[in-house]
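Listed below, chain by chain, are the residues.
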Amino acid sequence: MGLDMAQKSHTHLSRRETQIMDVVYRLGQASVAEVLSGMEDPPSYNSVRVIIGILEDKGLLVHHAQGNRYIYKPKQSRHQAVKTAASHFLNTFFAGSAPKAVATLLDIKDAQMSKEELDELVGIIERAKLRKRN
């Protein structure tokens, strides 16, 4: 699977796919029944089983047999999945420009940030500058 396909499969998830991935990440690994138990307003058992198969096809989940059931776990860490999705988002909407993305987030009226949140952002930027110097 090429990088473009890997990025696409990791970033284009339906609402149900996202819910299932959230449950599996939260539990670390899970059977279909455990995924169902961890979902709000879950679909049928068979629907979850089909969606998990789709997530495996996309390269997001892997499984191993445990008795007569399969146990699913994420193929990559949540952190790596977030980095992949964020990179795709940045490239798609902001031509890869982090400053443009941050400026847009700061400009959204509904996302009014407190002084503490702005100070946190300044700290993140300062730590990034230090890493670049070293």
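Provided above is the structure to which this section pertains.
Residues numbered from 1 in each chain as written. Predicted model: local features only at pLDDT ≥ 70, side-chain atom pairs only at ≥ 80, totals over all residues. Heavy atoms only, no water.

Engineer: I would appreciate a short explanation of the overall build of the chain in the present structure.
Structural biologist: Each helix and strand in the chain was counted, giving 7 helices and 2 strands. Here the chain, with 134 residues, has 26% of them falling under the buried criterion. Nonlocal contacts in the chain, meaning residues at least 24 apart in sequence, comprise 49% of its contacts between residues at least 6 apart. As displayed, the chain has an accessible area near 9400 Å², and 56% of this comes from carbon and sulfur atoms. (Helix = DSSP H or I, 4+ residues; strand = E, 2+ residues; numbered from the N terminus. Buried < 20%, exposed > 50% of the residue type's maximum accessible area, 1.4 Å probe, protein only. Contact = heavy atoms within 4.5 Å. Areas by Shrake-Rupley, 256 points an atom, 1.4 Å probe, with all protein chains shown as cover.)

Engineer: So what exactly am I meant to see when it comes to unusual backbone geometry here?
Structural biologist: Glycine aside, residues mostly have negative phi, and peptide bonds are mostly found in the trans state. Unusually for a residue other than glycine, Asp-41 sits at a positive phi of about 50 degrees. In this structure Asp-41 comes out as exposed when scored by relative accessible area, which is 61%. Here Ala-95, not a glycine, exhibits a phi torsion of approximately 50 degrees, which is positive. When you line up the elements, Ala-95 lands in the loop between helix 5 (78-94) and helix 6 (98-107). Ala-95 sits in the exposed class, given a relative accessible area of 69%.

Engineer: Help me understand helix 5, please; the structure alone is not making it clear to me.
Structural biologist: Because the α-helix completes a turn every 3.6 residues, residues three or four places apart line up on one side. Taking 1.5 Å per residue as the helical rise, helix 5 with its 17 residues ought to reach 24 Å, and the 23 Å between its terminal C-alpha atoms agrees with that figure. Those residues of helix 5 lying buried are Ala-81, Thr-84 and Phe-94. (Expected span 1.5 Å × (residues − 1).)

Engineer: Mind showing me how you'd approach the packing of helix 2 (residues 15-27) against helix 4 (residues 45-57) here?
Structural biologist: The relative placement of two packed helices is expressed as an angle between their axes plus a distance between the axes. At a minimum axis distance of 10 Å, the contact between helix 2 and helix 4 shows a crossing angle of 85 degrees. Classified by the angle their axes make, helix 2 and helix 4 are roughly perpendicular. Touching Arg-16, Glu-17, Ile-20 and Met-21 of helix 2 are Val-48, Ile-51, Ile-52, Ile-54 and Leu-55, all from helix 4. Looking at the contact of helix 2 with helix 4 residue by residue, the classes come out as 7 nonpolar, no polar and 2 charged. (Axes fitted to C-alpha atoms, helices over the stretch in contact; angles between N-to-C directions. Parallel < 35°, antiparallel > 145°, perpendicular 65-115°, else oblique. Nonpolar A, V, L, I, M, F, W, Y, C, P; charged D, E, K, R; others polar.)

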